[in-house]
Every structure is written in C-alpha cells, then in structure tokens.
Amino acid sequence: MYDFNYHRPASAADAAAARKAAADGVYLAGGMTLLPTLKQRLARSSDVVDLAATGLTGISRDGGAITIGAMSTHDSVATSSEVQSAIPALGILAGGIGDPQVRNRGTIGGSIANADPAADYPAAVLGLNATVHTDRRAIGADDFFTGMFETALGDGELITKVTFPVPAAAAYAKFANPASRYAIVGVMVAKTDGGIRVAVTGAAGNAFRATAMEQVLAGDFSAAVLDGISVDADYNSDIHASAEYRRHLVGVMAKRAVREIA
Amino acid sequence: MNANATTNSGIGGSVRRREDSRFLQGRGKYTDDINIAGQTYAVFVRSPHAHARINGIDTAAAAAAEGVAAVFTAEHTKDIGGVPTGWQVHSKDGEPMAEPKHPVLAEGAARHVGDPVAMVIAATRRQARDAAELVTVDYDPQPAAVDMKAALADGAAKVHGDLPGNLCYDWELGDKAAVDEAFAGAAHVTKLDLVNNRLIPNAVEPRCAIGDYDSVSGEHTLYTTSQNPHVIRLLMGAFVLSIPEHKLRVVAPDVGGGFGSKIFHYAEEALVTWAAAQIKKPVKWTAERSESFMSDAHGRDHVTHAELALDANGKFLALRCSTLANMGAYLSTFAPCIPTYLHGTLLAGQYATPAIYCEVKAVFTNTVPVDAYRGAGRPEATFILERIVDQAAAETGVDPAELRRRNMIQPEQFPYQTPVALQYDTGNYEATLDQALKAADYAGFEARRKQSAAAGKLRGVGLSCYIEACGIAPSNVVGSLGARAGLYEAATVRVNPTGSVVVFTGSHAHGQGHETTFAQVVSDMLGIDYDAVEIVHGDTAKVPFGMGTYGSRSIAVGGAAIAKAVDKIIAKGKKIAAHLLEAGEGDIVFENGAFKVAGTDREKSFGDIALTAYVPHQYPLESLEPGLEETAFYDPANFTYPAGTYVCEVEVDPDTGQVTVASFHASDDFGNLINPMIVEGQVHGGLAQGIGQALLENCVYDAEGQLLSGSYMDYCMPRADDLPSFQVDTTVTACTHNPLGVKGCGEAGAIGAPPALINAVVNALNGGGHSIAHLDMPATPQKVWAAMQSN
Ligand SMILES: Cc1cc2nc3c(=O)[nH]c(=O)nc-3n(C[C@H](O)[C@H](O)[C@H](O)COP(=O)(O)OP(=O)(O)OC[C@H]3O[C@@H](n4cnc5c(N)ncnc54)[C@H](O)[C@@H]3O)c2cc1C
C-alpha cells in the first residue's frame with residue numbers, strides 16, 4: 001500500500017467535499033475490492049475518504065418501495081425483515097454474495113459503484129428497476145451500468161441510497177464461480193409495474209436485460225417459453241466458462257428463476 | 001474407525017492432539033513470528049515474463065532509496081552454487097539427465113513468471129518494497145516453451161539455451177518385449193489418454209526465511225518453513241553456500257502445512273542466509289500469497305497415453321504407459337524422481353498384471369518448477385491405472401468391482417514381486433474391497449440412481465483401489481536409483497534423571513500431530529505416563545540428524561527410529577537393573593514400566609533405573625557408562641505399502657454440468673494404527689485434497705506462459721461445503737518389516753480419491769445416456785457440460 005491521506009467525514013456532504021478537495025481521491029466503503037487493490041499496489045490514491053461514519057445506512061419501506069442506504073452491508077440486506085417480506089429475492093441475492101466475512105463488510109453502494117461484471121447486485125438493480133440516488137441526482141437502473149467496471153457516476157459522485165420498487169414477484173438464480181463465488185451467470189426475473197424484467201449479470205461486460213426473454217414471458221409466464229430462446233450478448237469467456245457455456249447458463253438460470261416464481 | 005477421544009494414551013488410543021492447544025489458541029510459533037534484533041527485510045524483484053533475456057539491471061535508484069541496506073543481483077551471486085537437485089535419473093540410453101544450473105538469482109535470463117531477478121534489502125518491509133519498484137530490469141522477451149508436447153517439437157523455444165532441447169530425460173522401466181508380446185495375444189485392449197492436472201500447493205502458511213550470521217563465531221542460522229531442516233542444511237551448506245555443518249544451523253519451527261512444497265530447498269533460503277553474512281544483519285523474507293502462487297514448486301502435470309491388455313476372461317495381461325512429465329524451468333529437489341521412481345514403480349497397483357512397461361519423458365518448460373505434492377507420482381500412477389481399469393470394465397461389460405477383484409494379488413502371494421521393481425510385503429486387497437463395498441452399500445446403488453433420476457439428477461458410482469509405496473525408503477535401493485542422499489531417519493531418546501523423557505526426532509511435524517503420536521509410542525513402550533514424554537523436532541542444533549517428513553514416512557521410518565532408540569534404552573536399563581537386583585542380565589525382563597527378575601517379585605521401576613543412571617553410586621561403572629540417552633538411525637528394509645478401496649457417489653446436474661459429491665467412503669489398510677483419530681484426520685485431509693484435484697483445482701498457464709490461476713479468485717481450493725461427510729474405516733495387515741507394523745497414512749486420500757471421483761462422474765454420464773470414455777480433471781461444470789453436449 002502506498003501512503004495516502006485518510007478522511008473519515010461525518011456526513012455525505014462532507015464526504016463529497018473531501019473527495020472533491022483531493023487531488024486523486026477515492027471513497028472507501030466496505031473495502032472488499034478497494035483494499036486488496038491498494039495493498040497489491042495496483043491502485044494508488046492521494047486521499048481515501050472513508051464512508052463509515054456518514055450514516056448512509058438503514059433499510060426502510062415506504063409505500064411501494066424499499067430504500068437501502070449505500071453503506072448497508074450485504075448481510076444487513078440479507079437479514080432485513082423488510083427486505084425479506086417485500087422482496088425476498090433481493091435478500092437471497094445479498095445472502096449469496098461471497099462468504100460471511102465479505103457479507104459483513106461489503107456494501108450495496110460499493111458493489112454497484114464498482115460494477116464488477118460478475119457482481120450480483122447489478123442484476124437486482126436492473127431486474128427490479130431500481131433507482132440509484134447520488135449526492136447529485138437520481139439515476140434510473142437502465143442508465144446506470146455502462147460497461148465493464150463502468151457506470152453513469154461522474155467523478156466524485158457519491159451513491160447515497162438505492163430504491164427498489166416492490167415487484168409483484170421476483171426470483172434470482174445464480175451459477176457461482178467455484179473459486180471466487182461471484183456469479184458466472186446470475187439472472188433476476190421480476191414481475192414489475194412496468195412489466196416483466198429479466199436482468200443478467202456475470203455473462204458480459206456489464207449487467208444487461210434479456211429483452212428477448214422479457215417479450216415471450218410477457219405473453220406466457222412459464223419456463224417452457226424460454227426453450228430455444230438464445231440471448232445475444234457480447235459474452236465473456238475465461239478459464240471458468242466459455243462464451244458458449246455462459247450463453248447456455250443464461251437460459252438455465254432464467255428458467256430456474258421463472259419456475260420459482262410460477 | 002471411531003474417532004472419539006479415548007483415555008488410552010498408548011498405542012491405539014485416540015488421544016487428542018496436544019499441539020492443538022497452541023494452534024487453536026493462535027499461540028503457535030511460526031517462522032514469521034520470529035524477529036531478531038536489528039533484522040532487515042528482503043523483497044524479491046521477480047520476472048513478469050515467462051522467458052526473457054536480461055540485458056541489464058539498473059539498481060542505482062533502489063540502492064539510494066531510504067532505508068535500503070543492499071540490492072543484490074546475479075552479478076553478486078553468480079559464484080554461489082546453483083540450487084541442487086537431489087536425484088539423478090538416467091535415460092534409456094544410459095545418459096544422465098540434463099541438469100542445467102538453477103541460479104539463486106536469474107543469470108542473463110528469466111525462465112518463468114516469478115523467477116527471482118533481484119533481492120532488495122531494507123530496514124523495513126515497506127522500504128524494501130518501495131525500493132524494489134525502483135529496480136529497472138532491461139528484459140528482452142523471448143518465445144516461451146509452455147505446452148509439453150510443443151516444447152519437445154523441433155524448433156521449439158528452448159528454456160535453457162545451452163541444452164540441445166527441452167528434454168530432461170527419457171526414462172523407461174519394465175520389460176518392453178514381454179509387454180509387446182502380451183498385447184499381441186490379447187483378447188481386448190483398452191486405450192486412454194489422460195492428463196493429470198497441474199496443482200498449486202497452497203499451504204496456509206506462506207514460505208518464510210530468516211538468515212542470521214554471528215560474525216564472531218562465524219555461525220550461520222537459517223530459520224525457515226521447512227519439512228526437513230537437516231536436508232536444507234545439507235543441500236544449502238554443501239552445494240550452494242559452502243558452509244560446513246558445524247557452522248550452519250537450520251531451524252524449522254511450527255510450520256503451517258507443507259504438502260510437499262516445503263521439502264525443497266529454495267533459492268530464497270540460500271539468499272537470506274548468504275545476504276545476512278554480507279550485510280552483517282539478520283535478513284527476513286516472507287512470501288506474499290501471490291508470490292507463493294508463482295514460486296512454490298507446483299505438483300503433478302503429467303500427460304499420459306496408457307494401454308491395458310486383457311484376456312477373454314478379463315485377466316490383465318499387460319499394461320503400457322507413455323508419459324510426459326513437466327519439470328518446469330529448473331529441477332527442484334525431488335523433481336526427477338517423482339514421475340519415475342515414485343510413479344512408474346506403482347503401476348502394478350493392487351493387481352497381478354504380469355508385464356508392465358512405462359516410459360517417461362521429463363520436459364523443461366517456462367513454468368514454475370514442478371515437484372512432489374501430497375502423494376507425488378503415486379496419485380498420477382493410480383489415476384492412470386484406476387481410470388483404465390474402469391474403462392476396460394465398461395468396454396468389456398464387466399462390473400468394475402468384479403474386474404478389479406479378478407485381478408487382485410491374493411494374500412498367499414505375498415511377498416509379491418511386481419514387474420516394476422517393488423516387492424509388496426503384505427496386504428489383503430480383496431478384504432478391503434469387500435469392506436468398502438459393504439459399507440458404501442455398493443449393491444444398493446441402482447436404487448439410489450433411480451431416486452436421483454426422479455429428482456432430475458444423474459447419479460454415478462466410482463471405485464478406486466489404490467496402492468502406494470511410502471515410508472520412503474531403503475537407502476541402498478534409492479541410492480541405486482539415483483538418489484544423492486540416504487533416506488533413513490534418526491532419533492535420540494533422552495531419559496532425564498527423574499524419569500521423564502525427551503525425544504529428538506528428525507521427522508518434522510507441520511500438521512501431522514507427531515508430538516502426540518510419537519509420545520504415545522514412547523509412553524507405551526516404556527510404560528510411563530504419556531505426559532512424561534516430550535517430542536522435539538525442527539532444529540539441527542538439537543536433533544542429531546534427520547531426513548524429514550514426506551512420503552508418509554514419519555511413523556514408518558521416524559517412528560521406527562524412535563522405537564529402536566527406546567529398545568536401546570530398555571537394553572541399557574536391563575543392565576543397570578541386573579546390577580541393582582544382583583541378577584544376570586539375561587534374567588531381567590521389562591514389563592509394564594518395570595525391570596523384573598523373571599519369575600520373582602524383585603523389580604526396579606523405570607524411574608529407579610533412570611535415577612541410578614544419573615546418580616551412579618551403585619553402578620557397574622567399569623563396564624557401563626552412566627546416563628540414559630540413546631540414539632538410533634533406522635534405515636527401512638523396504639517401502640511400506642498402504643492400500644485401500646474408495647467408493648465415491650456423485651450427482652451431476654444435467655442442465656449445468658455441476659458435480660456434487662453425494663457420498664465418499666474410504667477403507668484403508670495402514671497397518672497398525674497408533675492414534676486412530678489422527679489417522680482419520682489425515683484421511684479426511686487427503687480426501688479433501690484429492691477431491692480438490694478432481695473437481696476444483698487447476699493451475700492454468702496461457703500460451704505465453706502467464707499464470708492465469710494466480711490467486712484464489714481463479715484457483716479453486718476445496719472448501720467444507722464442496723465435500724460430503726466422509727465415511728472412513730480401516731482394515732489391518734501389519735507391515736512385516738518395521739518394529740511398529742505401521743505403513744503410514746498421510747498421502748492415501750490424495751492418491752486414491754481422484755480416480756474414484758472421475759470414475760463416478762463418467763459412470764453418471766454414461767448411466768444418463770451419454771457415451772464418454774474419459775474426462776480430464778478437474779471435472780468443472782463447464783467441462784462436464786461440454787462432454788454431455790458432444791456425446
Ligand atoms: C472474496 C470475495 C468474494 C466476493 N464475492 C462476491 C459475490 O459473490 N458477489 C458479489 O456481487 N460480490 C462479491 N464480492 C464483492 C463484494 O461483495 C463487494 O460488493 C465489493 O467488493 C464492493 O463493495 P465494498 O463495500 O467492499 O466497496 P469498496 O471496496 O470499499 O469500494 C469499491 C469501489 O466502489 C467505490 N464506492 C464505494 N462506495 C461508494 C459510494 N457510496 N458511492 C460511490 N462510490 C463508492 C469505491 O471508491 C471503490 O472504487 C466479493 C468480494 C470478495 C473479496
């Protein structure tokens with residue numbers, strides 16, 4: 001790790017200000033991704049702005065939506081009774097991230113800001129049509145993930161909370177990488193106010209919607225209609241899963257999610 | 001095996017491991033826990049290229065950086081000896097293997113990703129790291145030899161420019177003519193191509209070494225994460241640094257797992273020892289995990305073509321195998337012997353196959369050196385044999401258990417001379433097979449297959465009947481096979497004046513529980529309290545000598561040495577007792593901790609004799625020295641031959657190819673057991689590693705020689721939730737040639753498990769309507785799914 005200036009601001013506004021004042025600053029949430037890259041000297045920042053004291057936690061339900069503070073840990077989402085009763089699939093997704101240590105430190109804000117192609121939360125944000133709130137604006141799910149490790153966030157923009165409209169039903173099916181336990185493919189299927197949404201993570205550079213599946217499911221919500229539907233995407237290929245295998249798994253996971261709902 | 005702790009603290013008692021008290025409280029003392037006043041820290045600059053010429057190294061900025069004590073490159077170390085290998089193998093034509101120099105720091109060329117190029121030493125670890133980034137190496141990247149077949153082709157990139165090619169040796173074993181003849185007359189021939197996947201050892205404690213030098217006495221001390229401190233002293237002192245034994249002490253304190261990877265003498269150990277004398281300050285180096293991935297010797301990595309000839313009744317007539325074995329860029333300590341004498345010699349397995357021929361080409365590649373990893377050569381042999389036997393069963397329509405049974409060596413055939421050099425002393429393979437089949441309810445498998453099918457899963461069952469040669473090894477035998485050292489073990493048993501005992505053993509413990517097991521042996525033999533026995537290991541200044549821990553040799557060779565030393569204690573005790581009791585020495589018997597005049601009630605306790613030995617007022621001083629301390633060197637008469645049958649059931653998800661281990665049953669014959677609970681623990685660990693290899697672990701290099709599986713995000717270690725609850729039991733045929741009748745148990749699981757699992761997966765797929773002859777390890781979901789698509 002190289003030297004850096006450490007800040008521990010007491011509010012979101014102070015955090016944004018500290019980040020803005022820094023020559024080359026970075027926010028620190030759970031540190032599960034950031035700290036290893038700093039330790040291995042793969043990244044270097046002049047200033048680390050720790051969000052731990054900003055109070056960006058808390059999970060609440062207001063009307064038709066669940067709002068989760070950016071600093072909420074995966075474990076707090078997984079075990080939240082609000083989440084479990086309103087969107088059980090979201091709690092299951094959070095409870096399936098990594099291992100207990102990672103779930104006790106890693107946060108929803110960090111996960112979404114990081115936009116790892118294999119992360120689970122992007123499938124939830126996109127599949128449930130969530131809104132990402134920042135210190136500057138509200139960003140719709142469909143506009144948020146723009147590429148591999150790339151999002152619509154501007155420089156220094158701070159995620160404060162994420163709002164998930166409560167769907168009529170939703171399910172998440174994940175095929176985990178046996179080593180990292182990240183998603184090789186994860187599919188969130190949801191019946192939302194705006195219609196059926198199918199969001200895929202792990203398969204390509206960033207999470208995306210499988211519109212071909214959404215269309216047929218809108219007509220007949222059953223796993224059988226997904227037979228023969230091959231989702232086109234710019235599939236990832238690595239030592240764990242070829243593009244062809246990932247394409248196949250998208251179909252299998254989507255069917256599992258649909259079956260769970262139907 | 002019943003693993004409940006018992007109150008019997010002698011031989012056969014499941015005593016709780018005494019070492020766990022410090023390990024579980026976080027109070028073990030590992031090399032990295034040792035800090036010496038004035039200590040400096042070393043960081044290595046390692047090659048990012050698989051193969052590159054080094055045109056120059058600019059160390060000026062690093063040397064001038066804050067806190068830096070020294071920066072060393074090959075310019076400083078080129079007169080130091082190369083890291084030696086301990087075994088010389090000869091090719092078919094009688095020529096010795098190619099043995100290129102393994103410089104401690106790269107000389108003119110870097111030959112694998114991770115090859116150390118420079119050593120930076122500073123007052124703090126951080127300063128050393130900062131300075132290491134200032135070292136500029138002028139690399140000229142060269143084409144790399146990565147794939148073994150390609151590396152042997154004409155015009156392939158050469159790992160060592162001064163060698164004719166990348167072949168290290170081309171070795172053979174067995175009667176080729178007899179094998180060819182048997183094949184010519186065979187009713188059936190089964191052929192298989194197999195890959196034994198490359199593994200990265202991943203002991204939980206990364207390697208660490210501290211060099212210290214006393215400029216007044218001229219004594220060097222190396223603290224290191226080693227399975228065999230005396231071997232390191234021998235290799236490093238004699239071959240690398242030219243330091244005589246009496247000026248070199250090697251200490252291996254608590255060591256957090258080795259699995260073979262800490263047998264070997266590594267360049268970093270020599271460098272910290274040497275550098276400490278150069279800069280007159282202690283030098284410490286601790287590997288980071290990513291460094292471990294690219295600098296600890298890897299394991300396995302064989303590519304084999306095998307053929308099995310059978311007669312019309314399913315009797316094996318002959319086996320032939322042709323293997324390419326990866327050596328990596330340099331020859332590590334044991335590397336040449338793993339694919340030869342620990343592999344080819346095991347190809348008879350449990351079967352009375354009359355003719356066997358095996359040839360092995362060892363290949364240099366631009367990858368990390370490959371050497372022994374839990375099982376070392378024997379898992380590779382077992383994988384070939386137990387896969388091809390299963391495939392032969394499938395092809396001939398005979399039940400795999402039945403085909404194995406038909407060919408097993410029978411109890412009355414022992415001692416059994418195999419056609420591949422070994423002579424098995426004892427065993428009862430069919431009894432162990434029967435016990436395993438019964439315990440695993442092999443007969444009830446079809447019903448379970450149906451149940452799984454009803455749940456949409458393909459279920460399969462797989463067997464593996466392994467044998468291993470361990471307790472290595474008779475020195476004269478290994479000497480004739482090219483070993484450059486003996487493989488005996490040494491022990492000193494010191495009886496203190498008040499009757500407690502300290503045992504100094506050359507068998508190092510790094511997870512095996514020796515401190516408990518050895519104490520049980522001594523307390524049982526001497527009839528004294530288990531708590532009165534202390535076991536000391538891991539320091540060349542304390543222990544007389546030792547060849548260390550590997551090859552499941554600790555109890556069979558190290559334990560035997562202790563037993564021999566205890567015998568000497570008892571013999572001397574009898575002399576003292578005879579004097580005290582005014583009886584003839586021949587009339588004294590030692591029973592239940594007391595020296596007795598046979599047939600009388602006159603006796604002296606062990607404690608009386610100990611005290612008399614040190615307070616020799618009434619003592620035959622003219623014919624007997626005072627004191628009660630004996631040393632024994634034990635050189636085994638033969639290898640030991642643990643064997644067993646493993647039965648694995650798996651479920652395959654036909655949609656994804658995901659394999660789940662549904663059950664795993666292991667029946668092992670380890671000879672006599674000293675501590676059944678520790679033995680069971682060893683089996684569990686071995687099975688986890690074997691299943692890890694078969695299902696999860698894979699070291700992957702790309703075509704340019706970059707390590708793709710260089711962290712835990714990509715290299716998959718087995719975790720508890722990948723494994724079933726193991727069912728294990730034992731049968732016993734006592735080893736005939738060591739004093740304890742023991743065979744060793746450390747490697748069995750890693751040897752026997754992989755083929756059982758792959759056999760089960762192949763069985764599941766074929767039972768599900770596919771037609772698959774073989775699946776290479778690891779059976780990842782992707783691989784299993786792809787196999788289902790194509791067949
Ligand atoms: C072993 C392991 C296994 C894992 N397995 C999984 C898995 O199975 N599935 C999965 O989805 N994830 C997995 N993860 C990722 C983990 O769960 C975290 O979600 C992830 O590391 C990022 O969250 P964090 O809170 O730790 O963020 P940090 O590491 O602290 O930060 C990550 C990045 O996000 C930025 N950032 C953080 N918070 C904000 C914010 N509020 N606004 C703007 N930018 C911000 C930081 O500046 C940084 O660039 C795993 C991680 C590890 C180490």
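Residues numbered from 1 in each chain as written. Chains lettered and ligands numbered in written order. Predicted model: local features only at pLDDT ≥ 70, side-chain atom pairs only at ≥ 80, totals over all residues.

**Examining the overall build of chain A**
Item 1. Helices and strands together make up the secondary structure of chain A, namely eleven helices and 14 strands.
Item 2. What you see for chain A is a C-alpha radius of gyration of 18 Å, in line with the 18 Å of a compact globule of 262 residues.
Item 3. For chain A, the proportion of its 262 residues judged to be buried stands at 48%.
Item 4. A separation threshold of at least 6 residues defines the contact pool for chain A, and within that pool the share at least 24 residues apart is 62%. (Helix = DSSP H or I, 4+ residues; strand = E, 2+ residues; numbered from the N terminus. Rg over C-alpha atoms; globule rule 2.2 N^0.38 Å. Buried ≥ 20, exposed ≤ 12 C-beta atoms within 10 Å, placed from the backbone. Contact = placed C-beta atoms within 7 Å.)

**A closer look at the interface of chain A and chain B**
A common way to express how large an interface is: the accessible area buried when the components associate.
Item 1. On the chain B side, the residues contacting the eleven residues of chain A number 13 residues.
Item 2. Of all the elements, helix H11 (residues 243-261) of chain A adds the most residues to the side of chain A that touches chain B, at three residues.

**What about the environment of Val-732 of chain B?**
Residue and element names in this part refer to chain B.
Item 1. Mapped onto the elements, Val-732 comes out in the loop between strand E28 (727-731) and helix H19 (748-767).
Item 2. Expressed as a C-alpha distance, the spacing of Val-732 and Gly-427, which sit 305 residues apart in the sequence, is 8.2 Å.
Item 3. With residues near it in sequence (within four places) discarded, Val-732 still touches Asp-669, Gly-671 and Asn-672.

**What about the pairing of strand E20 (residues 501-505) of chain B?**
Residues and elements named next belong to chain B.
Item 1. Burial within E20 is extensive, with four of its five residues counted as buried.
Item 2. Relative to E20, strand E19 (residues 489-495) is paired through five bridges, and the arrangement is antiparallel. The residue bridging Thr-492 from the neighbouring strand is Phe-504, located in E20.
Item 3. Linking E19 back to E20 in an antiparallel pair, the connection comprises five residues, with Gly-499 at a positive phi of about 100°.
Item 4. Following the backbone out of E20, through helix H15 (residues 514-526) and into the adjacent parallel strand E21 (residues 533-537), one traces a crossover that is right-handed. (Pairing = 2+ DSSP bridges. Right-handed = clockwise from strand over helix to strand, strands pointing away.)

**Looking at the sheet that holds strand E23 (residues 594-597) of chain B**
Residue and element names in this part refer to chain B.
Item 1. Spatially, the three strands line up as an open sheet ordered E22-E23-E24, and their pairing is antiparallel. Either end of the sheet is taken by a strand with one partner, and the two such strands are strand E22 (588-591) and strand E24 (603-605). Across the sheet, the mean angle separating the axes of adjacent strands is 20° when strand polarity is ignored.
Item 2. In this structure, E22 lies alongside E23, joined through four bridges in antiparallel fashion. By the bridge assignment for E23, Val-589 is matched with Lys-596.
Item 3. Docked against the sheet, helix H16 (residues 554-580) engages E22, E23 and E24, running at close to 125° with respect to E22.
Item 4. Sheet strands in contact with helix H17 (residues 606-614) are E23 and E24, and its direction is about 75° off that of E24. (Axes fitted to C-alpha atoms, helices over the stretch in contact; angles between N-to-C directions.)

**Points about the domain arrangement of chain B**
Residues and elements named next belong to chain B.
Item 1. Taken domain by domain, chain B holds domain 1 (31-36 + 202-293), domain 2 (302-473 + 638-790) and domain 3 (488-634).
Item 2. In this structure, domain 1 and domain 2 have C-alpha centres spaced 35 Å apart.
Item 3. The residue inventory of the side of domain 1 that touches domain 2, partitioned by class, reads five nonpolar, five polar and no charged. (Domains from an automatic or database assignment. Nonpolar A, V, L, I, M, F, W, Y, C, P; charged D, E, K, R; others polar.)

**Examining the domain arrangement of chain A**
Residue and element names in this part refer to chain A.
Item 1. Per the domain assignment, the segments making up chain A are domain 1 (5-50) and domain 2 (59-261).
Item 2. Centre-to-centre, using C-alpha coordinates, domain 1 lies 26 Å away from domain 2.
Item 3. Each partner contributes residues to the interface: domain 1 has eleven residues there, and domain 2 has 13 residues.

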